[in-house]
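# Examination of the molecular architecture
Listed below are the residues making up each chain.
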Amino acid sequence: MPADTPLNAEALREAADRACRLLKTLSNPDRLVLLCHLAEGEKRVGELETLAGVPQPTLSQQLGVLREEGLVTTRREGKHIYYRFDDPQPLAVMKTLYEQFCATPKEKTR
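Residues numbered from 1 in each chain as written. Predicted model: local features only at pLDDT ≥ 70, side-chain atom pairs only at ≥ 80, totals over all residues. Heavy atoms only, no water.

### Observations regarding helix α4 (residues 56-68)
- The first and last C-alpha atoms of α4 sit 18 Å apart over 13 residues, in line with the 18 Å expected at 1.5 Å per residue.
- Every buried residue of α4 is accounted for by Leu59, Gln62, Leu63, Gly64 and Leu66.
- In this structure, the buried residues of α4 make contact with α1 (9-26), α2 (29-38), α3 (45-52), β2 (72-77) and β3 (80-85).
- One or two residues past the end of α4 sits Gly70, with phi positive at roughly 75°. (Helix = DSSP H or I, 4+ residues; strand = E, 2+ residues; numbered from the N terminus. Expected span 1.5 Å × (residues − 1). Buried < 20%, exposed > 50% of the residue type's maximum accessible area, 1.4 Å probe, protein only. Contact = heavy atoms within 4.5 Å.)

Pasting the structure below:
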């Protein structure tokens, strides 16, 4: 945060509210795993089920939450539904989480 710029209390509160909402959405392990896979690129629902190891009812519920929160968007191609990130901010947070918690020591030193 720039030290030379005074913080606008109202703007800061709004930003904090948005950040808290994002962090609350990310706080579910199933959603976090799904977003980790989507950070690699668009995926079909069946792919997500296999990759994340999340049972179908839970998968549908958690993908619904991610859609409602505006983190992901969908597109239909025939019988398949594809999910992808819809907003660059959550993707940036996911990349930071990956670097802090998932990256190998070799990846961290790059």
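The rest of the description comes next.
### Focus: the environment of Pro105
- Among the secondary structure elements, Pro105 is positioned in helix α6 (residues 105-108).
- Separated by 53 residues in sequence, Pro105 and Ala52 have C-alpha atoms that sit 24 Å apart.

### Overview of the environment of Pro90
- Its place among the elements puts Pro90 in helix α5 (residues 88-101).
- Distance from Pro90 to Leu23, taken between C-alpha atoms, is 9.2 Å for residues 67 residues apart in sequence.
- Residues within four places of Pro90 in sequence aside, it is in contact with Leu22, Leu71 and Phe85.

### Notes on the pairing of β3
- Note: strand β1 (residues 43-44) against β3, two bridges, orientation antiparallel. Bridged to Arg44 within β3 is Tyr82.
- The loop that links β2 with its antiparallel partner β3 comprises two residues; one of these, Gly78, has a positive phi angle of about 65°. (Pairing = 2+ DSSP bridges.)

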